[in-house]
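Chain by chain, the residues:
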Amino acid sequence: MKSIVFVLMLVAGLVATLAHAAPDAGSKARGSYNFYSHSSHNSFSSARSHVEGYQGYLNETHGVAVPAHSATTATVPAASVSVARPSAPVAVSSKPVVVDHEAEIAAHGAVDAEVARDASDALGDDIERIQKHVKRMRTHAEELGDKEALTILSDIEKNLGVARRGHADLHEHHAEDKIAPKTAMALAQSVNDALRAAHADHDKLMKRLHEADEPAGK
């Protein structure tokens, strides 16, 4: 008899524990929200690591200086250089545009096509993952009615669009017979600047999510 009572008490305790631990719908939504925010954060770090690694390669192998970061918003042109080849350099928005690819290659050598395309492919995969995660975050923010998060996500998406177009230009240049290192560096920098701006906004969103999860008064 005592054994039966003990078993019943054990089962009742287990049921009560499970009932107490079962997450509600809001917890599940917040959990998904946090999961995708952390996943996109990791993808941002990977993307910037890939683009900066490629820029480091161009600097070390071809002696091309890495440009300083510039502020990037959705109003900035998709790329800071032109892949066209006019007879003379052309300036766009006060930024010098590298146009003489043959002179670049003569001075610095052509970029190894395999290295360039591997870097471009890895960067493209990262950007695609970021977009997927940010899209999921937007869905959850809409479900939660989080207007502030939606505003930040819009800024992230705008700069991701700039990064995506810059990457398309870089990928196009990498498909040419000979890859000019200064042009590749400038195109990579346009992607890096856009990713940096989007990443900064994402960090702002991550900080907000973290603060929202902290117990009141902490």
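A.B. asks: Just checking my understanding: could you explain the overall build of the protein for this structure?
C.D. replies: Within the protein, the regular secondary structure consists of six helices and two strands. Listing every helix and strand of the protein by position from the N terminus yields α-α-β-β-α-α-α-α. By residue count, 39% of the 218 residues in the protein fall in the buried class.

A.B. asks: When you look at the pattern of salt bridges in this model, what are you seeing that I'm missing?
C.D. replies: A side chain of one charge can pair with a side chain of the opposite charge if their charged atoms are brought near each other. Inspection of the entire model under this criterion finds five salt bridges. Salt-bridge contacts for K204 lead to D201; the nearest nitrogen and oxygen are separated by 3.4 Å. On the criterion of helical spacing, the pair formed by K204 and D201 is a turn pair, its members being three residues apart in helix α6 (residues 181-213). Through salt bridges with shared partners, a single ionic network connects R138, E142 and E157.

A.B. asks: What is the right way to look at the nonpolar core in this model?
C.D. replies: The nonpolar side chains of a soluble globular protein tend to be buried, and buried together. Among the nonpolar cores identified, the biggest contains 38 residues, and Y33, Y54, L123, L153, I156, L195 and L205 are the most heavily contacted of them. When residues of this core are traced back to their parent elements, those giving at least two are α2 (25-62), α4 (113-144), α5 (147-174) and α6. The greatest single-element share of this core, amounting to 10 residues, is contributed by α6. Excluding its chain neighbours within four sequence positions, the residues that come into contact with L195 are F44, A47, R48, L123, I127, I130, L160 and A163.

A.B. asks: Just checking my understanding: could you explain the packing of aromatic side chains for this structure?
C.D. replies: What describes a pair of aromatic rings is the distance from one ring centre to the other and the angle between the planes of the rings. What the rule picks out here adds up to two aromatic pairs. Centre to centre, the rings of F35 and Y36 are 5.1 Å apart; their planes meet at 75°, and the pair counts as edge-to-face. Assessed through its relative accessible area of 16%, Y36 is described here as buried. Aromatic side chains Y54 and Y57 sit 6.3 Å apart centroid to centroid with 15° between the ring planes, which places their arrangement in the stacked category. Linking Y54 with Y57, this pair stays in helix α2, spanning three residues, or about one helical turn. A single burial state applies to Y54 and to Y57, both of which are buried.

A.B. asks: Could you clarify how one ought to interpret helix α3 (residues 101-108) in this entry?
C.D. replies: Since there are 3.6 residues in each turn of an α-helix, residues three or four apart along the chain are aligned in direction. Of all the residues in α3, the buried ones are H101, E104 and I105. All buried residues of α3 fall inside an arc of 95° around its axis, so they share one side. Summarising the geometry of α3, the exposed residues directed more than 90 degrees from the buried face are E102, A106 and A107. With its phi angle positive at about 85°, G109 sits one or two positions after the end of α3.

A.B. asks: Can you walk me through the confidence of the model for the protein in this structure?
C.D. replies: Averaged over every residue, the pLDDT of the protein is 79; residues scoring 70 or more account for 69%. Predicted confidence for residues 73-94 stays below pLDDT 50, and this span has 46 contacts to residues more than four positions away or in other chains.

A.B. asks: How should I be thinking about the environment of I130 in this particular structure?
C.D. replies: In this structure, I130 sits in helix α4. For the pair I130 and E157, spaced 27 residues apart in sequence, the C-alpha separation works out to 9.6 Å. With sequence-adjacent residues up to four places away left out, I130 is seen in contact with S40, S43, F44, A47, L160 and L195.

Conventions used here
- Residues numbered from 1 in each chain as written.
- Predicted model: local features only at pLDDT ≥ 70, side-chain atom pairs only at ≥ 80, totals over all residues.
- Heavy atoms only, no water.
- Helix = DSSP H or I, 4+ residues; strand = E, 2+ residues; numbered from the N terminus.
- Buried < 20%, exposed > 50% of the residue type's maximum accessible area, 1.4 Å probe, protein only.
- Salt bridge = Lys/Arg side-chain N within 4 Å of Asp/Glu carboxyl O.
- Core = buried A, V, L, I, M, F, W, Y, C linked by side-chain atoms within 4.5 Å.
- Contact = heavy atoms within 4.5 Å.
- Phe/Tyr/Trp six-rings, centres within 6.5 Å; stacked < 30°, edge-to-face > 60°.
- Arc of directions from axis to C-beta.
- pLDDT = per-residue confidence, 0-100.

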